[in-house]
Each structure stands twice: as C-alpha cells, then as structure tokens.
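# Analysis of the macromolecular model
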Amino acid sequence: MNSPGVNPLIYPIVIFAGSLVIALILLTYAVSSVTMAVRKRRAQAIKDWKARGVQFSLGPVQANFLNEPRSFGVGGNGTLVLSDTAIHFAQVAPEREIVIPLRDVERAFLLRRFNGRRGAKPFLIIQRKVGDLTGFQMDAPEKWAEAINRAVGAVVGLAQPAQAAGYEFQAG
C-alpha cells in the first residue's frame, strides 16, 4: 500500500527515470567503444602504410566510400590517402584496404548526388579506365579531384559529365 501523502505516480516515474539513465549510460559506453575502435583502426592503417613506404601526397583524411557498380563492395567509413602511385582507402568495418592504382584511373570529378545519396558537399568521383565509378564523401573534394587529375594527366573540368546516366553533376 501507499504511504499517506505519497503520490502513486512517483514510483513509475522513478523507475522510468532510472531506466532512462541506465540506457543513456549503456549508449554512451557503446558509442565511445565504437569511436575508440575506429580511431585505433585509422591509426593502424596509417602506421601500416608508412611501414610499407607509402608516401602521402594528400591525406590522410576521414572519408565515406561509395561504389557503383559494386566491384569493390557497397561502401563504408575509413581513411583515404593519395600516394604517387595509388589511391588508398582503409575501411573500418569490415576491416579491409582498397587500392586504386593511378594507372587505372581515367579522371576525377565532382557530383552533388551519387549512388542514391545527396551530400551537403559534392562527392569526389573516381572514374576508372574500366568505366566504373567510385565515390568518396569527404572534406575538400575539389582539392582531391585536382590532385588526382594532375597525377593521372587528365585535362578535364571537375564538372565534366561522366559516361553514366542518373547522376547529378556539380556545377562548376
């Protein structure tokens, strides 16, 4: 029974508040664990690249990888670097590395929408000589497109349309 003068709603409110606090603590722990794992994976990728003698021309930067068609898989978050011979991407989960040799790259350009996604910033799109497109969402994609085009000898505007339908091109 209830004590005299105690509102009967106080017990459910206390239980709800306690459950909410416990849920927030567990959520904070999960997010910090994932964040720590991502940082550790990125640091390991950079260390591995340096140990293999990869010289960074640009990067490392945090990037989100998207691909069309799915020759490298769907995509994911990771770390991107440009070397004098390749574009290197270390994906966090699943843990893997994607290397696109510069000799296989036709050009780089920017799109506002790619692979069903629209970003606040344009996507960096890598067009390989075999014709597929790989996109990266990151900070300063213009700088990356210019550096890649310079490295592969592509003399094109960053907004030049690709040979693929259904993509919205960046006005340049």
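Residues numbered from 1 in each chain as written. Predicted model: local features only at pLDDT ≥ 70, side-chain atom pairs only at ≥ 80, totals over all residues. Heavy atoms only, no water.

### Description of the pattern of salt bridges
Any two side chains of opposite charge can pair if their charged atoms end up close together. All chains considered together, the criterion is met by 3 salt bridges. When the shortest N-O distance is used, the salt bridge between Glu 97 and Arg 52 registers 2.9 Å. One end of the pair, Glu 97, is in strand E4 (residues 96-101); the other, Arg 52, is in the loop between helix H1 (10-51) and strand E1 (56-68), with 45 residues separating them in the sequence. Glu 97 gets classed as partly exposed once you look at its relative accessible area, which sits at 33%. Among the ionic pairs, Asp 132 bridges to Arg 128, the shortest N-O distance being 2.7 Å. Each member of the pair Asp 132 and Arg 128 is classed as buried. (Salt bridge = Lys/Arg side-chain N within 4 Å of Asp/Glu carboxyl O. Helix = DSSP H or I, 4+ residues; strand = E, 2+ residues; numbered from the N terminus. Buried < 20%, exposed > 50% of the residue type's maximum accessible area, 1.4 Å probe, protein only.)

### Section: the nonpolar core
In this structure, Leu 80, Leu 82, Ile 87, Leu 124, Ile 126, Phe 136 and Ile 148 are the most contacted members of the largest nonpolar core, which totals 21 residues. Looking at this core, the elements that each hand over two or more residues are E1, strand E2 (75-83), strand E3 (86-91), E4, strand E5 (105-114), strand E6 (117-128) and helix H2 (141-152). Looking at this core, the element that brings in the most residues is H2, giving 4 residues. Judged by nonpolar contacts, the second largest core, of 7 residues, contains Leu 66, Phe 109, Phe 123 and Leu 133. (Core = buried A, V, L, I, M, F, W, Y, C linked by side-chain atoms within 4.5 Å.)

### Topic: the environment of Ser 83
Tracing the sequence through the fold places Ser 83 in strand E2. What makes Ser 83 buried here is its relative accessible area of 3%. Spatially, the C-alpha atom of Ser 83 lies 8.8 Å from that of Gly 59, the residues being 24 residues apart in sequence. The contacts of Ser 83, once residues within four sequence positions are left out, are Val 54, Gln 55, Ser 57, His 88 and Leu 102. (Contact = heavy atoms within 4.5 Å.)

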